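Structure assessment
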Amino acid sequence: MKVEWTEQTPRKIQRYPNADYPHDNPDLEDVLTSADVDHVAEIFQTPLTGSFNWDYKIQDDRIKKLYDLGKQLNWDPEMDIDWDRPWPVEQQSPEMMNLHDYEPYLAMDEDTRAEFWLHMNAWSLSQFLHGEQGALLVASQLCSCAPTFNAKLYAASQTFDEARHVEVFNKYLQTRIGMMYPINTHLKSIIDKILTDPRWDMKFIGMQIVIEGLALSAFATARETTPDPVLKDVVYLVTRDEARHVTFGVNYLEEFVKTLSDEEREERAQFAYEACAISRERLVATDVFRHFGWDVEEARKKVLDGFVMSTFRNLLFQRVIPNLNRIGLLTDKVRPKFETLGILDYENLATDGDIDWSEMERPLDTQEAQAYEQSMLAEFAKVHEAEESKTSSAA
Ligand SMILES: [Fe+2]
Ligand SMILES: [Fe+2]
């Protein structure tokens, strides 16, 4: 086993030959071939404050029930997904990204455009994968540092969930897409902060509330928009687990935050705000723009100016903001900051604190999954329509 220890996150794109996606691999200077890769391990240090819990009496509470559900609803990426379905017709959506009138995009020939959309897809799925690895590491820390017995057991079941999520996105990228992008630097900075903070509740707030809350919304969009039935199934199975993780976070933190002093609570509120603000920055595929030789800042601005991206990056917070409100972290000091970001309006939407057990206990059914779940796109279409009618009535 050859491990290369590094203090730096690798910045190269990796390619996997023999993936389903039909494309030729051009000679890219930043291709990291499998011959180069053995194990690349990036070091982080964490002053984790852990605890034993000697009170083995199991309280029959919501946390215990969520743990039981985690056991019952196990699934296997190999068994529960049919990986042999054909690759669908590839989608190109320059309008969605506001690139339809962008000069460097228009200058690309057809093959390069196809390659570009493959990279965009690989980039966003790679962020899912890296985020899942972050969740795996954090969940394993929570086993040590969660203070109560039920929560330790629960964190262990979540750790296994996250292992499956890493497995399934990794498999998808390697066998279906054939390409993997490095982690976005903003996403990496949030995960670093969560992993290296010694306080268990900061980890909960950062991971269970902000990152997983955002992931729930992002997964819903991915499921709605992908033409690939394999990815729809992958995302459905992952989402079902994530909904449980977020529910656990909200229920567990709600009680705890009440016990904090005002100053401690403010510090947590500020931390949550910062994680949200950085998360908005991580949504643009700047590494792809760089790869294709674009002016990164100009392209970033162009994409964010578009209606879809500017709306989407706010809609992503529909789960996070009400949950922060519910656990008491939308303090008077941070509310104006959220308002500046344009996402405070979501504060009164439904939270993940009230558990709909029948929803949580839904059996594994990927067929039904295709038709299931409230669609962010429907919401999005409504906003878009309202926007359009405003523009047309103004004109
Ligand atoms: Fe996950
Ligand atoms: Fe999770």
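The text that follows walks through the structure, step by step, so that each part is easy to find. (Residues numbered from 1 in each chain as written. Chains lettered and ligands numbered in written order. Predicted model: local features only at pLDDT ≥ 70, side-chain atom pairs only at ≥ 80, totals over all residues.)

Within the span of helix H10 (residues 296–305), buried status applies to Ala299, Lys302 and Val303. Angular distribution of buried residues about the axis of H10 spans 95°; they occupy a single face of the element. For H10, exposure combined with an orientation more than 90 degrees from the buried face picks out Glu297, Lys301 and Asp305. In the core, the buried residues of H10 are packed alongside helix H9 (286–291) and helix H11 (307–315). (Buried ≥ 20, exposed ≤ 12 C-beta atoms within 10 Å, placed from the backbone. Helix = DSSP H or I, 4+ residues; strand = E, 2+ residues; numbered from the N terminus. Arc of directions from axis to C-beta. Contact = placed C-beta atoms within 7 Å.)

This paragraph deals with the packing of helix H3 (residues 110–145) against helix H5 (residues 185–196). Relative orientation and spacing of two packed helices are given, respectively, by the angle between their axes and the distance between those axes. Put simply, H3 and H5 touch, their axes get as near as 10 Å, and they point 5° apart. If you check the angle between H3 and H5, you find them roughly parallel. Counted together, Gln127, His130, Gly131, Gly134, Leu137 and Val138 of H3 and Leu187, Ile191, Ile194 and Leu195 of H5 form the full contact between these two elements. Per-class residue counts for the contact of H3 with H5 are six nonpolar, four polar and no charged. (Axes fitted to C-alpha atoms, helices over the stretch in contact; angles between N-to-C directions. Parallel < 35°, antiparallel > 145°, perpendicular 65-115°, else oblique. Nonpolar A, V, L, I, M, F, W, Y, C, P; charged D, E, K, R; others polar.)

Let us now look at the environment of Lys57. Within the secondary structure layout, Lys57 lies in the loop between strand E4 (39–42) and helix H1 (62–72). For Lys57, a count of 6 C-beta atoms within 10 Å translates into the label exposed. Sequence-wise, Lys57 and Asn150 are 93 residues apart; in three dimensions their C-alpha atoms are separated by 9.1 Å.

Side chains of nonpolar character tend, in soluble globular proteins, to be buried together. Counting 87 residues, the largest nonpolar core has Val210, Val234 and Ala272 as the members making the most contacts within it. Per-element accounting of this core gives the leading share, 14 residues, to helix H6 (residues 200–225). (Core = buried A, V, L, I, M, F, W, Y, C linked by C-beta atoms within 7 Å.)

Another aspect to go through is the environment of Thr148. Topologically, Thr148 is positioned in the loop between H3 and helix H4 (149–177). Residue classification places Thr148 among the partly exposed positions, given that 16 C-beta atoms sit within 10 Å. Put simply, Thr148 and Ser51 are 97 residues apart on the chain and 9.0 Å apart in space, counted from C-alpha to C-alpha.

Attention now moves to the environment of Leu106. Looking at the element boundaries, Leu106 is found in helix H2 (residues 103–106). For Leu106, a count of 11 C-beta atoms within 10 Å gives the class exposed. Between the C-alpha atom of Leu106 and that of Pro94, which follows or precedes it by 12 residues, the distance is 9.8 Å.

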